[in-house]
Amino acid sequence: MTEVAPRIGKWTVTTDGDVILSGTNCPQCGETVFPAHTICVRCGSPDTHEALLRGPAKLRSFTIVHQLPSGFPSPLVIGYGEFEGRTQVLAPIVDVTRNQLIEGRPLALTVGVTRTGENGEEFVTYQFTPIEPWESDDSLSARASSQETGHA
Ligand SMILES: [Zn+2]
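Residues numbered from 1 in each chain as written. Predicted model: local features only at pLDDT ≥ 70, side-chain atom pairs only at ≥ 80, totals over all residues.

A. Local environment of the overall build of the protein. Scanning the protein from terminus to terminus reveals 0 helices and 11 strands. Moving toward the C terminus, one meets the helices and strands of the protein in the order β-β-β-β-β-β-β-β-β-β-β. In the protein, which comprises 152 residues, the share counted as buried stands at 25%. Long-range pairs, those at least 24 residues apart, make up 55% of the contacts in the protein with a sequence separation of at least 6. (Helix = DSSP H or I, 4+ residues; strand = E, 2+ residues; numbered from the N terminus. Buried ≥ 20, exposed ≤ 12 C-beta atoms within 10 Å, placed from the backbone. Contact = placed C-beta atoms within 7 Å.)

Structure (structure tokens):
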């Protein structure tokens, strides 16, 4: 059984498989954010409009978490991707090796299983996947530290 993970924000998948995040833009100050806010987080204006965010994004920073609640894959890479207009979104980064975690590298928006529930149900949400295949023998699973944080 597949379920949508509890949503931090609204997202959709097109018939072509493209993932689109639904945030908001403030015409007053130009700020675009995801998830959506009815009041601008920058200037407080109540006049916000829907703004759609599409990949690719660029990797800005990340952390690698090795100790997680049950049901999550370990290690789990979580990072900020920056979209056009400088909007940054936090999401898991999947199918990635340590050598691919370099600032500015392009990330595709994808959808995948974030965690597995106690009864085997799979929770799906948006995530980032590196666009270019890079050569790497530095597997994340081979790293021993319990947690590390870095700015890409
Ligand atoms: Zn504003």
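Okay, back to it.
B. Just the nonpolar core, in detail. By size, the foremost hydrophobic cluster in this structure holds 21 residues, and its most contacted members are L21, A57, F62, V89, I93 and F128. Secondary-structure elements contributing two or more residues to this core are β6 (57–65), β7 (76–82), β8 (88–93), β9 (106–116) and β10 (122–130). Looking at this core, the element that brings in the most residues is β6, giving 4 residues. Apart from residues no more than four positions distant in its own chain, L21 is found in contact with G9, W11, F34, L53, V89 and Y126. (Core = buried A, V, L, I, M, F, W, Y, C linked by C-beta atoms within 7 Å.)

C. Representation of unusual backbone geometry in the model. The omega angle of the peptide bond from F34 to P35 is 0°, so this bond is cis rather than trans. Relative to the helices and strands, P35 resides in the loop between β4 (32–33) and β5 (49–54). Between G55 and the following residue, P56, the backbone shows a cis peptide bond with an omega angle of 0°. Its location among the elements puts P56 in the loop between β5 and β6. Positioned with a positive phi, R86 is a non-glycine residue whose angle comes to about 75°. Its place among the elements puts R86 in the loop between β7 and β8. Look at D95: it is not a glycine, yet its phi comes out positive at around 50°. Looking at the element boundaries, D95 is found in the loop between β8 and β9.

D. Summary view of the pairing of strand β2 (residues 10–13). Of the strand pairs in this sheet, β2 and strand β3 (residues 19–25) are connected by 4 bridges, and their pairing is antiparallel. Note on β3: the bridge partner recorded for V13 is V19. As consecutive antiparallel partners, β2 and β3 are separated by 5 residues, and within that stretch G17 has a phi angle of approximately 90°, a positive value. (Pairing = 2+ DSSP bridges.)

E. Molecular detail of the pairing of β7. Summarising the sheet, β6 and β7 pair through 7 bridges and their orientation is antiparallel. Pairing of F62 across the sheet is with G79, part of β7. Inspection of the sheet shows β7 paired to β8 by 6 bridges, in the antiparallel sense. Bridge pairing in β8 places E82 opposite Q88. Connecting the antiparallel pair β7 and β8 is a turn made up of 5 residues, with G85 showing a positive phi of about 90°.

F. Examining the environment of V19 more closely. Among the structural elements, V19 can be located in strand β3. With 108 residues separating them in the primary sequence, V19 and Q127 have C-alpha atoms 9.3 Å apart. Residues in contact with V19, not counting those within four places in the same chain, are W11, V13, G55, L109, T110, V111 and Y126.

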